[in-house]
Amino acid sequence: MKTRQWYRARIRWAEMVQGRGIRHWEEGLYLFRSEDREAAFRRALEIGAGGQSGGEEEVGRRSRWVETRLAEVVTLDCLGNELEEEPLEVHWMRLPATERIAFDHKFEPAQKAPATSR
């Protein structure tokens, strides 16, 4: 039986506005246990998928569709087995979008392996 190690994942979502494209990035830092890096990556993708949402946003008399989409698992680090409790979300931040990304852009986070942050 494999020992479950602690992993830290930095996950990024894009807030997309219909007719405009990306508004900003959102990032969260999560800690969780997993058997190996491959399983940890799958778990990070599950956490990221759970953070997706969409809905109408009222702007004056008009409304527009806004979606939060999983864009990527930015980093994934093995921290060993020293931690004793499993907090889920550790840190969250919103970052300005400096690039132009159209609303119909399809992110494929499972296709991009995360780096280690060290």
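About the criteria used
Residues numbered from 1 in each chain as written. Predicted model: local features only at pLDDT ≥ 70, side-chain atom pairs only at ≥ 80, totals over all residues. Heavy atoms only, no water. Helix = DSSP H or I, 4+ residues; strand = E, 2+ residues; numbered from the N terminus. Buried < 20%, exposed > 50% of the residue type's maximum accessible area, 1.4 Å probe, protein only. Contact = heavy atoms within 4.5 Å. Core = buried A, V, L, I, M, F, W, Y, C linked by side-chain atoms within 4.5 Å. Phe/Tyr/Trp six-rings, centres within 6.5 Å; stacked < 30°, edge-to-face > 60°. Lys NZ or Arg CZ within 6 Å of the ring centre and 35° of its normal. Expected span 1.5 Å × (residues − 1). Polar contact = N/O pair within 3.5 Å; in protein donor to acceptor, adjacent residues only side chain to side chain.

1. Comments concerning the side chain of Thr 75
Tracing the chain through its elements places Thr 75 in strand E4 (residues 62–80). Residue classification places Thr 75 among the buried positions, given a relative accessible area of 8%. With residues near it in sequence (within four places) discarded, Thr 75 still touches Arg 8, Ala 9, Arg 10, Pro 114, Ala 115, Thr 116 and Ser 117.

2. Considerations on the nonpolar core
Counting residues in each nonpolar core, the largest one holds 14 residues, and the members touching the most others are Ala 9, Ile 11, Tyr 30, Phe 32, Ala 44, Val 73 and Leu 76. Of all the elements in the fold, those that place two or more residues in this core are strand E1 (5–17), strand E2 (21–34), helix H1 (37–50) and E4. Here this core gets five residues from one element, more than from any other, and that element is H1. For Ala 44, the residues in contact, after removing those within four places along its chain, are Ala 9, Ile 11, Phe 32 and Val 73.

3. As for the packing of aromatic side chains
Applying the stated criterion across every chain yields a total of two aromatic pairs. Ring plane angle 65 degrees and centroid distance 6.4 Å describe the contact between Trp 13 and Tyr 30, whose orientation is recorded as edge-to-face. Taken together, the residues span a long stretch of sequence, with Trp 13 in strand E1 and Tyr 30 in strand E2 at a distance of 17 residues. Between Trp 25 and Phe 107, the ring centres sit 6.1 Å apart and the planes meet at 70 degrees, which makes this aromatic pair edge-to-face. Linking Trp 25 in strand E2 with Phe 107 in the segment after strand E5 (89–96), this pair joins segments that are 82 residues apart in sequence. If you follow Arg 69 out to its NZ or CZ, it ends over the ring of Phe 103, 4.7 Å from the centre.

4. Quick look at H1
Taking 1.5 Å of rise per residue, 14 residues should cover 20 Å, and H1 covers 20 Å from first to last C-alpha, within 8% of that figure. Within the span of H1, buried status applies to Ala 39, Ala 40, Phe 41, Ala 44, Leu 45, Ile 47 and Gly 48. Buried residues along H1 sit in contact with E1, E2 and E4. You can read the cap of H1 off the contacts: a side-chain oxygen lies 3.3 Å from the backbone nitrogen of Glu 38, and it is on Asp 36.

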